[in-house]
Amino acid sequence: MEALKGVSEKVMKLILLGAPGAGKGSQGKILAEHYNILTLCSGDILRSRVKEKAGALGFAESMNGGQLVSDEYVMNLVMDELKKPKYENGYILDGVPRTVEQADMLERNGIKVDAVLYIDASDEVVKRRILNRRVCSCCGALHCGADLLKCGQCGGNLEKRADDTAEVIQERLNVYREKTEPLVGYYSERGLLKKFDGNQEKEKVAELMFDVLERL
Ligand SMILES: [Zn+2]
């Protein structure tokens, strides 16, 4: 894993594409550190918005139920965020765009990326991963392992995320296959798609990604 050592000077604008639980979060973290860029996760932006606007009940409900919030709403948040100077050296979009309409909005607004990293993992693998993951109630770090009780990073208590249930996962996968998976063809047509087998260990996936990105 030579590429993991040190920080690259390359400007990288990337999109991570894949089902929930395919490993976008883990890869995003590794790539962000290596290229010294920020990850923009629509889930985080939306969750913080939910907290800000406690009154927007329908919005919070639709998020917890695995449904998608409106394309325009999400994209305006994302595009506002990307205007900030801290993204000038590059960024990783994780969980956005989630629909062809969202991808079109990015394109219309002149937001161009260097590559779309598609992590392809089976339903079985992602279901197992999501059901086994625990989130730290203190620092928010995600951990794998249903038997873990304490966060390895800060010692905080680990808990299951409220929306990590079998029913919600299945619903999220259905929404993903229907709404998000068409982006594979969309970005393939534009010559941007790089596909990786997400059923492998995350270290292996990261290694393959660096191989591809260093040749861009
Ligand atoms: Zn923690």
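Keep in mind the model is a prediction, meaning the values are calculated, not measured. (Residues numbered from 1 in each chain as written. Predicted model: local features only at pLDDT ≥ 70, side-chain atom pairs only at ≥ 80, totals over all residues.)

Asks: Please clarify how the sheet that holds strand S6 (residues 142-144) should be interpreted in this entry.
Replies: Sheet strands pair by backbone hydrogen bonding; their relative direction is either parallel or antiparallel. Spatially, the three strands line up as an open sheet ordered S6-S5-S7, and their pairing is antiparallel. The strands lining the two open edges of the sheet, one partner per strand, are S6 and strand S7 (158-159). Here strand S5 (residues 133-136) runs beside S7; their pairing, made up of two bridges, is antiparallel. Within S7, the position partnered with Val135 by the bridge is Glu159. (Pairing = 2+ DSSP bridges. Helix = DSSP H or I, 4+ residues; strand = E, 2+ residues; numbered from the N terminus.)

Asks: Can you walk me through the pairing of strand S8 (residues 193-197) in this structure?
Replies: Taken residue by residue, a regular strand's side chains alternate between the two faces of the sheet. The alternating pattern of S8 places Lys194 and Phe196 on a buried face, while none of Leu193, Lys195 and Asp197, on the opposite face, is buried. The pairing of strand S4 (residues 115-120) with S8 spans five bridges and is parallel. By the bridge assignment, Ile119 is partnered in S8 with Phe196. (Buried ≥ 20, exposed ≤ 12 C-beta atoms within 10 Å, placed from the backbone.)

Asks: How should I be thinking about the environment of Gln200 in this particular structure?
Replies: As for its position among the elements, Gln200 is in the loop between S8 and helix H9 (202-214). Considered as a pair, Gln200 and Asp120 are 80 residues apart in the sequence and their alpha carbons are 9.9 Å apart.

Asks: Just checking my understanding: could you explain the nonpolar core for this structure?
Replies: As a rule of thumb, soluble globular proteins bury nonpolar side chains together. The biggest cluster of nonpolar side chains holds 36 residues, and the ones touching the most others in it are Leu16, Ile92, Leu117 and Ile119. No other element matches strand S1 (residues 12-18), which puts five residues into this core. The contact partners of Leu117, leaving out residues within four places of it in the chain, are Leu14, Ile15, Leu16, Leu17, Lys194, Phe196 and Met209. (Core = buried A, V, L, I, M, F, W, Y, C linked by C-beta atoms within 7 Å. Contact = placed C-beta atoms within 7 Å.)

Asks: Any chance you could explain unusual backbone geometry here in plain terms?
Replies: A negative phi holds for most residues other than glycine; trans holds for most peptide bonds. Residues Val96 and Pro97 are joined by a peptide bond in cis, for which omega reads 0°. As for its placement among the helices and strands, Pro97 is situated in the loop between strand S3 (90-94) and helix H5 (100-108). Within the chain, Asn36 stands out as a residue other than glycine whose phi angle is a positive 55°. As for its placement among the helices and strands, Asn36 is situated in the loop between helix H1 (24-35) and strand S2 (38-41). The class of Asn36 is partly exposed, set by 14 C-beta atoms lying within 10 Å.

Asks: Please clarify how H1 should be interpreted in this entry.
Replies: Residues spaced three or four apart along an α-helix point in a common direction, a consequence of the helix completing one turn every 3.6 residues. The terminal C-alpha atoms of H1, which comprises 12 residues, lie 16 Å apart, in line with the 16 Å expected from a rise of 1.5 Å per residue. Regarding H1, the residues found buried are Lys24, Gln27, Gly28, Ile30, Leu31, His34 and Tyr35. Relative to the axis of H1, the buried residues are bounded by an arc of 170° and lie together on one face. Buried-residue contacts for H1 involve S1, S2, S3, S4 and H9. Looking one or two residues beyond H1, the residue adopting positive phi is Asn36, at roughly 55°. (Expected span 1.5 Å × (residues − 1). Arc of directions from axis to C-beta.)

Asks: I would appreciate a short explanation of the environment of Ile119 in the present structure.
Replies: Inspection of the secondary structure assignment puts Ile119 in strand S4. Each C-alpha atom of the pair Ile119 and Leu16 lies 7.5 Å from the other, and the pair is 103 residues apart in sequence. Apart from the residues lying within four places of it in its own chain, the contact partners of Ile119 are Leu16, Gly18, Ala22, Gly23, Lys24, Gln27, Phe196, Gly198 and Val205.

Asks: Would you take a moment to explain the sheet that holds S2 for this structure?
Replies: Taken together, the five strands give an open sheet; going across it, the order is S2-S3-S1-S4-S8, and neighbouring strands pair in parallel fashion. The open sheet has two free edges, formed respectively by S2 and S8, since each of these has just one partner strand. Neighbour to neighbour, the strand axes of the sheet diverge by 25° on average, direction disregarded. As paired elements, S1 and S3 share five bridges and run parallel to each other. (Axes fitted to C-alpha atoms, helices over the stretch in contact; angles between N-to-C directions.)

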